[in-house]
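Commentary on secondary and tertiary structure
Listed here are the chains, written in short residue letters.
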Amino acid sequence: QTIYRNDYTPPAYLVDTVELGFDLDPARTIVASRLTMRRNPDSERAEIELYGENLELVALRMNGKPLGKRDYRIDGNLLRIANPPQDVTLEIETITAPEKNTTLNGLYVSNGSFFTQCEAEGFRNITYFPDRPDVMAKFTVMLRADKQKYPVLLSNGNLIEEGELDDGRHFAKWEDPFKKPSYLFALVAAQLVCQEETFRLKDGRDALLQVWVEEGNLDKTDYAMQSLKNSIRWDEERFGLELDLDRFMIVAVGDFNMGAMENKGLNIFNTKFVLANPRVATDVDYAGIEAVVGHEYFHNWTGNRVTCRDWFQLSLKEGLTVFRDQEFSADMIGTASGRAVTRIEQVRTLRQAQFPEDAGPMAHPVRPDSFVEINNFYTVTVYEKGAEVVRMLQTLVGRDGFRKGMDLYFERHDGQAVTCDDFRNAMADANQRDLILFERWYSQAGTPIVKARTQYDADAKTYSITFTQSCPATPGQPKKLPFHIPIAVGLLGADGRDMPLGQDGANGSTAVLELTEETQTFNFTGVGEQPTPSILRDFSAPVVLEYDYTDLELLHLFSHDSDPVNRWEAGQRLAMQRLLRLTSAVASGGKLELDATFIDAMRKILTDDGLDPSFREQALLLPSETMMAEQMSVVNPQAINAARQFVRATIGTTLRTELMQQYLANMTPGEYSPDALSAGRRGLKNLALSYLAAAPDADAIELAQAQFDNAGNMTDRVAALIGLIHAGADSAAPALQAFYADFEKEALVVDKWFAMQAAAPATTVKAVRELMKHRAFTLKNPNRARSLIFSFCGANPAQFHAPDGSGYAFWAEQVIALDALNPQVASRLARSLDRWRRYAPALQGQMKKALQKVAGGKKLSNDVREVISKALAN
Ligand code: ARG
Ligand code: ZN
């Protein structure tokens, strides 16, 4: 069942046009399709291959003649017609039952309406089709449905006809002017309303923009619409890419497996990434909407106009599009320090989620070599590490060079289905750069480790840095070759200023060194004093940097580094050292102490009003429990939790006065605005609150309670409630109750209500089981399942890893239960035990038992089976 990248062969038949007819009925939808096909000159094979899954085949005709059972073979998901003529018209009729489709893959019903999700291989659940991304065709779609129940009928492209039918039905006909692979097909038949406006494009054309939601949510579409307009403008300006359609639609749906989907002209979104107003959405939600709206819009060029040859190339569109949405979000903030904060958040995601993936049983290259189930490869590696790889390309060829590379990429490949190599070659050719070694970022899994050693020669005034790189073995890849690593370096003098650099490739005071061998030394001349090196500025490569910094050097960088990312990084190193030391102290019953040096460094940042509040928030946030666990050879979740709590409480106590000052100084009175400056102030204020509440005294609890009662927006309300819950305040329970009563009609807020409780330090497995009995809980809705179960298994490690193994038994039950409904969601939950081999033997044994329990399940999906068997094997 494993599919290999090297087995790729071109399709034997191409599809020029597709006409689809839908008679939509939840219990029995009839799908008629007419395909015009022809032999692919690039293929030797003479066979039509159509994929189909969970379909009832009613009729199949070739060039007008009905085909009987002997004219084709069905072999699992594949329908084959041998030796067809050169040109073929196929007519296919199938039946599906969307209301029974709980997988949310293909055509399904959510809250009484029809939606589709076809990436990666969902289209084969709708009709028989050569469902692979290198088959691109022009689609025309006729939708027919009951007019009362489904007043809105949408598909890709332009609406070319609509009207009435008998029996209270109506129809709409849509035509997509662009060729596209089947994974970009979409339809919606629903009771929805929209916010719309016409928007003038750069070339003077007007486009109709629409955001479709359920009636009660029309007060939550402004931000998505604004983000869409900003995205269109940004792509015009930064990359010269214009919207190629007359109409662009975003549709929100409450049941959705992922974040959103870039279907041509008809993006379908998880409600979580569309709906917002100050009453229900937090600053983080607003930022998520901007990023995801941008992401899906940017796919119109990077993904849709130029798509992937096969699914191994997924990062071609995802890594590039994540990079684009990251740049978009950074440009929207506009300030250098705002940009740096978005970069810090990206680094945190990588370390928290991607590095562990790269070090675990599911490790895979950005361009995987094999998979069992492609849905398991929509990962932080393909997305976020993929974006880092694209970012490194920009670092290597420069911003203008990158734009030239993009231009050449579109010039060469518009309308094609291509590979990661094609993208890299466009970058190389447009800039006359040799990027051959760079290919290893696509082919080798694992996080490279870069060790640095430095030497200063005072007489010669030279400074040298020697880098040695290595990369740990990953499943199937025991040995790695050196990577091409851009390492941005600056040198700080004792005065805290950057020294001018006498080195080739230096750009002002930062040099981008290119490490391409296992060991290389770089020399700086004219260095008048012993510098403090600032290495890997702006996190110029997704690697682990090992350098023996002294505390003094870190404090120097934390106070002065002109590169905000490394300035933040110095603080993280200081904190991590202490957190790890304290974790061992907790485990061995030693004395817990936090040094004044560290506290003073924190105080200095906290009270430095010359720094953006959002940067100060980042600098004061401790590394997470998950990140701490990644640093330990034997993970002790309870000790980690206790050590981190100790540090938080100590900060809360010793910096009480300063925290209170900052709390008061960073209020955002007046009307709520999600802009970065206001959000940053709220972020710092609420971080101060969380430290104060971590050292719970009556004042801190009163402060949290007052904020909860008077909050004018969801950001402040949630922060206050979390403060009360984490402080174990008596008032937490009534506050939770009040919160639920206020927001029970807002599904996305109810998700928050579950998630806050799931992640609370006092929430046991038993308490989660109780919450599952709540009338608002259901496993069928992915957002709800994630809010309670995933939050517990992922964001509450000390409870999840209870020594009696009850957390793991619970996990196994939920994976099995979810798998029966929705394999894609189940398979994500299945990943929670990826790192099981790193725990103490007693916990390991319990985890293994739970993994085996799932593995023994009778009707396991491919999705879950792949994840579990890899975990057990590696
Ligand atoms: N292409 C979508 C995005 O990046 C993700 C869709 C993934 N869906 C899936 N079933 N794997 O926004
Ligand atoms: Zn994407």
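Residues numbered from 1 in each chain as written. Chains lettered and ligands numbered in written order. Predicted model: local features only at pLDDT ≥ 70, side-chain atom pairs only at ≥ 80, totals over all residues.

Short version of the rule: UniProt positions are given in the numbering used here, feature names are shortened, and annotations may be inferred rather than shown by experiment.
By the naming in an unreviewed UniProt entry, the chain goes by Aminopeptidase N and is assigned to Massilia eurypsychrophila. Annotation of the chain in UniProt includes, under Catalytic activity (unreviewed entry), the sentence "Release of an N-terminal amino acid, Xaa-|-Yaa- from a peptide, amide or arylamide. Xaa is preferably Ala, but may be most amino acids including Pro (slow action). When a terminal hydrophobic residue is followed by a prolyl residue, the two may be released as an intact Xaa-Pro dipeptide." Among the UniProt annotations of the chain, the heading Cofactor (unreviewed entry) holds the following wording: "Zn(2+)".

Focus: the sheet that holds strand S7 (residues 73-75)
What counts, and what does not: Two strands qualify as a pair provided DSSP detects at least 2 bridges between them. What counts as a helix is a DSSP run of H or I of at least four residues, what counts as a strand is a run of E of at least two, and both are numbered from the N terminus. Here an angle of 0 to 180 degrees is reported between the N-to-C directions of two axes, which are lines fitted to C-alpha atoms, with helices fitted over the stretch in contact.
The three strands lie next to each other as S4-S8-S7, forming an open sheet whose pairing is antiparallel. Of all the strands in the sheet, the pair left with one neighbour each is strand S4 (47-51) and S7. Strand-to-strand, the axes of this sheet are offset by a mean angle of 25°, without reference to chain direction.

Considering the packing of helix H3 (residues 314-333) against helix H4 (residues 336-359)
Definition in use: Roughly parallel means an angle under 35 degrees; roughly antiparallel means over 145; roughly perpendicular covers 65 to 115; every other angle is labelled oblique. By convention, the crossing between two helices is left-handed when the near helix turns anticlockwise from the far helix through less than a right angle, and right-handed when the turn is clockwise. We call two residues in contact when the distance between their C-beta atoms, placed using the backbone, is within 7 Å. When residues are sorted by character, Ala, Val, Leu, Ile, Met, Phe, Trp, Tyr, Cys and Pro go into the nonpolar class, Asp, Glu, Lys and Arg into the charged class, and all the rest, Gly among them, into the polar class.
Relative to each other, H3 and H4 sit at 150°, their axes nearing to 8 Å. It follows from the interaxial angle that H3 and H4 lie roughly antiparallel. Taken as a pair, H3 and H4 cross one another with a handedness that is right-handed. Taking contact as the criterion, the partners of Gln326, Ser329, Ala330 and Ile333 in H3 are, on H4, Gly338, Arg339, Thr342 and Gln346. Residue composition of the contact of H3 with H4, by class: two nonpolar, five polar and one charged.

Here's the deal with the environment of Phe522
Going by this rule: Each residue is classified by how many other C-beta atoms fall within 10 Å of its C-beta atom, where C-beta atoms are placed from the backbone; a count of 20 or more means buried, 12 or fewer means exposed, and values in between mean partly exposed.
When you line up the elements, Phe522 lands in strand S31 (residues 519-524). Its 18 C-beta neighbours within 10 Å are what place Phe522 among the partly exposed residues. Spatially, the C-alpha atom of Phe522 lies 8.4 Å from that of Tyr463, the residues being 59 residues apart in sequence. Residues within four places of Phe522 in sequence aside, it is in contact with Ser464, Ile465 and Leu513.

Overview of unusual backbone geometry
In this chain, Glu119 is followed by Ala120 through a cis amide linkage whose omega measures 0°. Tracing the sequence through the fold places Ala120 in the loop between strand S11 (113-117) and strand S12 (136-146). Residues other than glycine seldom take positive phi values, yet Asn54 does so here, at roughly 55°. Along the polypeptide, Asn54 turns up in the loop between S4 and strand S5 (56-62). According to the C-beta neighbour criterion, Asn54 is partly exposed, with 16 such atoms within 10 Å. Even without being a glycine, Leu104 presents a positive backbone phi close to 60°.

Describing the UniProt feature "domain: Aminopeptidase N-like N-terminal" (unreviewed entry) in the chain
What UniProt calls "domain: Aminopeptidase N-like N-terminal" (unreviewed entry) maps, in this numbering, to residues 84-184. Overall, residues 84-184 shows 0% helix and 50% strand. The separation of its end C-alpha atoms is 27 Å.

Focus on helix H16 (residues 698-710)
Definition in use: Expected span of a helix: the number of residues minus one, times 1.5 Å.
Look at H16: 18 Å from first C-alpha to last across 13 residues, which is about the 18 Å you get at 1.5 Å a residue. Of the surrounding secondary structure, the elements contacted by the buried residues of H16 are helix H15 (676-694), helix H17 (714-726) and helix H18 (732-743).

A look at the sheet that holds strand S26 (residues 449-457)
Strand order across the open sheet formed by four strands is S31-S27-S26-S33, with mixed pairing between neighbours. Both outer strands of the open sheet, S31 and strand S33 (544-546), are each paired with one neighbouring strand and no more. In this sheet, neighbouring strand axes are inclined to one another by 25° on average, regardless of whether the strands run parallel or antiparallel. As defined by bridge partners, S26 adjoins strand S27 (residues 462-470) across nine bridges and the pair is classed as antiparallel. Within the sheet, the bridge partner assigned to Val450 lies in S27 and is Gln469.

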